[in-house]
Amino acid sequence: MSASGVVSFTQQGWEQVLAKVKRAVVYLDTACAESLHWGCGSTCLLEAVGGPDCHLREFEPDAVGGGAKQPKAVFVLSCLLKGRNVEILRDIICRSHFQYCVVVTTVSHAVHLTANHVPAAAAAEMEGQQPVFEQLEEKLCEWMGNMNYTAEVFHVPLLLAPVAPHFALTPAFASLFPLLPQDVHLLNSARPDKRKLGSLGDVDATALTPELLLQIRCLVSGLSSLCEHLGVREECFAVGSLSRVIAADLANYTPAKNRKKTAAGRASVVFVDRTLDLTGAVGHHGDNLVEKIISALPQLPGHTNDVMVNVVELTALHTEEENYNVVAPGCLSQSNDTTAKALWEALLNTKHKEAVMEVRRHLVEAASRENLPIKMSMGRVTPGQLMSYIQLFKNNLKALMNHCGLLQLGLATAQTLKHPQTAKWDNFLAFERLLLQSIGESAMSVVLNQLLPMIKPVTQRTNEDYSPEELLILLIYIYSVTGELTVDKDLCEAEEKVKKALAQVFCEESELSPLLQKITDWDSSINLTFHKSKIAVDELFTSLRDIAGARSLLKQFKSVYVPGNHTHQASYKPLLKQVVEEIFHPERPDSVDIEHMSSGLTDLLKTGFSMFMKVSRPHPSDYPLLILFVVGGITVSEVKMVKDLVASLKPGTQVIVLSTRLLKPLNIPELLFATDRLHPDLGF
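All figures in this text were calculated on a predicted structure; none of them were measured in a lab.

Rules of the game
- Residues numbered from 1 in each chain as written.
- Predicted model: local features only at pLDDT ≥ 70, side-chain atom pairs only at ≥ 80, totals over all residues.
- Heavy atoms only, no water.
- 1 Å grid on protein atoms, 1.4 Å probe; cavity = no way out; pocket = protein on both sides within 12 Å on 5 of 7 lines; lining within 4 Å.
- Points joined across faces, edges and corners; volume = space filled by probe spheres on them.
- Helix = DSSP H or I, 4+ residues; strand = E, 2+ residues; numbered from the N terminus.
- Nonpolar A, V, L, I, M, F, W, Y, C, P; charged D, E, K, R; others polar.
- Domains from an automatic or database assignment.
- pLDDT = per-residue confidence, 0-100.
- Buried area = accessible area lost by both parts, 1.4 Å probe.
- Salt bridge = Lys/Arg side-chain N within 4 Å of Asp/Glu carboxyl O.
- Polar contact = N/O pair within 3.5 Å; in protein donor to acceptor, adjacent residues only side chain to side chain.
- Contact = heavy atoms within 4.5 Å.
- Axes fitted to C-alpha atoms, helices over the stretch in contact; angles between N-to-C directions.
- Left-handed = near helix turned anticlockwise from the far one by under 90°.
- Phe/Tyr/Trp six-rings, centres within 6.5 Å; stacked < 30°, edge-to-face > 60°.
- Buried < 20%, exposed > 50% of the residue type's maximum accessible area, 1.4 Å probe, protein only.
- Parallel < 35°, antiparallel > 145°, perpendicular 65-115°, else oblique.
- Pairing = 2+ DSSP bridges.
- Expected span 1.5 Å × (residues − 1).

Q: Please clarify how the layout of surface pockets should be interpreted in this entry.
A: Over the atoms, a rolled probe matching the size of one water molecule traces out where space is still vacant. Of the voids in this model, the second largest pocket is the one considered here, and its volume is about 1,100 Å³. Considering the residues around the second largest pocket, the lining is formed by 37 residues, among which H37, S42, T43, P329 and C331 are closest to the centre. Counting residues per element, the ones that place at least two in the lining of the second largest pocket are α2 (30–39), α3 (42–49), β2 (56–58), α17 (397–402) and α18 (404–417). When grouped by side-chain class, the residues that make up the lining of the second largest pocket number 18 nonpolar, 15 polar and four charged. Counting the residues that make up the lining of the second largest pocket, at least three belong to each of domain 1 (6–158) and domain 3 (298–418).

Q: For this particular structure, what's the right way to read the confidence of the model for the protein?
A: Detailed conclusions should not be drawn from predicted coordinates in areas where pLDDT is low. Scored by pLDDT, the protein has a mean of 91; 96% of the residues are at 70 or more. Looking across the protein, the model is least confident in helix α26 (residues 601–609), with a mean pLDDT of 52, and most confident in strand β13 (residues 625–631), with 98.

Q: Whenever I open this one, empty space enclosed by the protein confuses me. Can you help?
A: By the definition in use, this model includes five cavities of 30 Å³ or more. In this structure, the largest cavity spans a volume of roughly 70 Å³. I294, L297, P298, Q299, T304, N305, D306, V307, L662, K664 and N667 together form the lining of the largest cavity. Tallied by class, residues from the lining of the largest cavity come to five nonpolar, four polar and two charged. Domain assignment of the residues forming the lining of the largest cavity places at least three in each of domain 2 (162–277 + 574–674) and domain 3 (298–418). Surrounding the second largest cavity, V272, D273, R274, D277, L575, L576 and V630 form its lining. At the level of elements, β9 (265–273) and α25 (575–583) are the ones that each hand at least two residues to the lining of the second largest cavity. Of the residues that constitute the lining of the second largest cavity, the class distribution is four nonpolar, no polar and three charged.

Q: Can you walk me through the domain arrangement of the protein in this structure?
A: Note on interface size: it is often stated as the accessible area lost on association of the parts. Structurally, the protein comprises domain 1 (6–158), domain 2 (162–277 + 574–674), domain 3 (298–418) and domain 4 (429–549). Measuring from the centre of the C-alpha atoms in domain 2 to the corresponding centre in domain 3 gives 37 Å. Buried surface at the junction of domain 2 and domain 3, summed over both partners, amounts to about 900 Å²; 56% is from carbon and sulfur atoms. Counting across the interface, domain 2 meets domain 3 through zero salt bridges. Across the contact surface, domain 2 and domain 3 share two residue pairs in polar contact (both at pLDDT 80 or more).

Q: Honestly, the environment of L289 in this entry has me stumped. Any pointers?
A: Looking at the element boundaries, L289 is found in helix α13 (residues 289–296). Separated by 67 residues in sequence, L289 and V356 have C-alpha atoms that sit 7.5 Å apart. Ignoring any residue separated from it by four or fewer positions in sequence, one finds L289 in contact with L347, H352, A355, V356, V359 and T413.

Q: Help me understand the packing of helix α4 (residues 84–94) against helix α7 (residues 131–144) in this model?
A: In a packed pair of helices, the relevant descriptors are the angle between the two axes and the axis-to-axis distance. Running from amino to carboxyl end, α4 crosses α7 at an angle of 35 degrees, the nearest separation of the two axes being 8 Å. Crossing handedness for the pair α4 and α7: right-handed. Across from V86, L89, R90, I93 and C94 in α4, the residues of α7 making contact are L136, L140, W143 and M144. Tallied by class, residues from the contact of α4 with α7 come to eight nonpolar, no polar and one charged.

Q: What is the right way to look at the packing of aromatic side chains in this model?
A: Aromatic ring pairs are reported here in terms of the distance separating the ring centres and the angle at which the planes meet. Scanning the entire structure with this criterion turns up seven aromatic pairs. Measuring from ring centre to ring centre gives 4.8 Å for Y27 and F75, while their planes differ by 10 degrees; the resulting arrangement is stacked. Placement of the pair is Y27 in strand β1 (residues 25–28) and F75 in strand β3 (residues 72–77), with a sequence separation of 48 residues. We note that Y27, like F75, is buried.

Q: Sorry, what's going on with the packing of helix α14 (residues 338–349) against α18 here?
A: Between α14 and α18, the least distance of the axes is 7 Å, while the angle of their chain directions is 30 degrees. With respect to their mutual orientation, α14 and α18 come out roughly parallel. Facing A340, L343 and W344 of α14, the residues of α18 in contact are G405, L406 and L409. For the contact of α14 with α18, the per-class residue count stands at five nonpolar, one polar and no charged.

Q: So what exactly am I meant to see when it comes to the sheet that holds β2 here?
A: Sheet strands line up and pair through hydrogen bonds in the backbone, either parallel or antiparallel. As summarised here, the arrangement of the five strands in space is β2-β1-β3-β4-β5, forming an open sheet in which the pairing is parallel. Looking at the sheet topology across the chains shown, the edges are occupied by β2 and β5 (150–155). Across the sheet, the axes of successive neighbouring strands diverge by a mean angle of 15 degrees, strand direction being ignored. Those strands touched by α2 are β1, β2 and β3, and its axis lies near 105 degrees from that of β1.

Q: Would you take a moment to explain helix α24 (residues 530–548) for this structure?
A: Residues separated by three or four positions in an α-helix point in the same direction, a consequence of the helix having 3.6 residues per turn. The end-to-end C-alpha separation of α24 is 26 Å, in line with the 27 Å expected for 19 residues at 1.5 Å each. Of all the residues in α24, the buried ones are S533, K534, A536, V537, L540, F541, S543, L544, D546, I547 and A548. Packed against the buried residues of α24 are α8 (181–189), α21 (468–482), α22 (489–508), α23 (514–520) and α28 (667–672).

Q: What am I meant to see in the sheet that holds β9 here?
A: Strands sit in the order β6-β7-β14-β13-β9-β8-β12 across an open sheet of seven strands; the sheet is mixed. Looking at strand neighbours, the two that pair on one side only are β6 (161–164) and β12 (595–597), the edges of this open sheet. With direction set aside, neighbouring strand axes in the sheet form an average angle of 25 degrees. Two elements, strand β8 (residues 232–239) and β9, share eight bridges in a ladder whose sense is parallel. By the bridge assignment, F237 is partnered in β9 with V270. Where helix α27 (residues 636–649) meets the sheet, it contacts β7 (167–169), β13 and β14 (654–659), and its direction lies at approximately 160 degrees from that of β14.

Q: Looking at this model, I keep getting lost on the side chain of D249. Mind explaining?
A: Along the polypeptide, D249 turns up in helix α10 (residues 241–251). Excluding residues that lie within four positions of it along the chain, D249 makes contacts with I216, R217 and V220.

Q: Mind showing me how you'd approach the pattern of salt bridges here?
A: Pairing between side chains of opposite charge can happen when the charged atoms of each approach one another. Overall, the coordinates contain 29 salt bridges when judged by the stated rule. A salt bridge links R274 to E638, with the shortest nitrogen-to-oxygen separation between them at 2.8 Å. A residue pair is termed long-range when its members are at least 10 positions apart, and R274 in the loop between β9 and α12 (279–282) and E638 in helix α27 qualify at 364 residues. Each member of the pair, R274 together with E638, is buried. Salt-bridge contacts for R361 lead to E365; the nearest nitrogen and oxygen are separated by 2.7 Å. On the criterion of helical spacing, the pair formed by R361 and E365 is a turn pair, its members being four residues apart in helix α15 (residues 352–369). For R361, a relative accessible area of 37% translates into the label partly exposed. The class for E365 is partly exposed, based on a relative accessible area of 35%.

Written out as structure tokens, the structure reads:
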């Protein structure tokens, strides 16, 4: 068992898929494509398919079918095989000439039984049988037009996109985000005949919507498969209301009972709600180059965790903007390039200054190996200097191919260093530090009044000023770091001034960004009245108040704010840091905020006996492996912080960090104001 288990888990899954794809048309949905992208690269799939033509297609309603000379198809899907997903499958097959269809689903058969409302007792009796998959195999033959054709449906747990040996993401669950207090009212309105929920603390599995519960079960099924691959029996812990539901479901996941009895190793799985600390997600104190690259460069289409790197500089094309789409973009993931992968892992684990020097060193060494005429220069690394090294490879096809991955990372670095967003990063950081001092010395109303002059309409803004989206990021920072608010007349008046200023700015935007369209529920600023804009901003501030009160149910981790004194300035102490320090506290206290989820009667009996006699309950530091899962996303800096903390507090303990997605500041308002948090679209 090792931390690189996330890589081998993903690669073993894809090996089962690759064994089926020879000379097939392969359809992938975006989540599976992202797992492939980070796990083993599309090259592996293309090589396994073979043949001169590329037959990779996105699984979507308008996907091109298979031609007369394409008798075989493989569908690799992260969704449940039900409803609209099956209709898309049927339509593609019916307009094709397939005689052999393979459907690989990342969702286990046990979860398919749950989705089809098969009672737990009946499902238990079906162990070893797969009626849902068998029925679909019959349907596939029917759609292909001949019951003697071949159809296969099976499950492969392609849950993860491994970003590093100790860090992986779950692309199929990128939209999964913890609940806010306002969601309690929505849950109550959907259950008029049941006991009303008083707060998020009352939320359990029975209170959630069927769609959200099913989404959680899909995640739990994948995590159970990961634990099986690692050879561990897991003890589950949680910090936060949604994490508690997920941890309880994993602890009591029926199909895992036999696995847990025979597992040789042990592990702690600790789930943490992102909403308990949004400061770290929207803040700019992470001194990490990768974080800046992800924030500055545009997102790679169809991906949630990678970016587009403009590689026109490596071609003979002119670098005008109209040529940018002529050449396919580069990216950060270089899963098949050993040297580039080593550089990528170095970038994840070093500070900004060391990282750019590491990029320069790799470029210089690569140019030297290819005997390119390199001019050495020491001192500060500049974008121009990096570009001068990169352009040495431009007219040398062999050198380009040998170092393609490295050059993409070099270009990503150079483009980020000269990007206006990177210059603004330091402005954000300075203002956030100022806010930390103000919060300690002044009331919240004073802090909001400091923000007021920065809210400017588009006609008055320069490149140095904050856009409406950036103002939202600052507001989330302020409310999250402040925590529980004392609501008084001054606060209400200050909030009202900020609301009116923001509402006016929204109305005067020349074009509403996708985020502002989501917030205002309006496509264009032309028809957006101040009244409609103000209603949207009022709702926005309800969410901000929810963010401020997110830790109100916690006892130990109530604050992420450390007031200043005569020797130290006020600072922010990440919740994840507090959680890891508590887990590895030398005195091993029973934490009130890190809840252990019991797995059935044995654990309940232990808990009952512990009231009368000394029976030790499981503690998250008991085991040689810690799996920390942040529900709602994580930043690169936070991953590094957790890894370094565990190494210093308990050397020898392995840590795997998992999360639903990699975060940049702008992702948080997008996730906060998503309308489908309680009703995720599962495709049926």
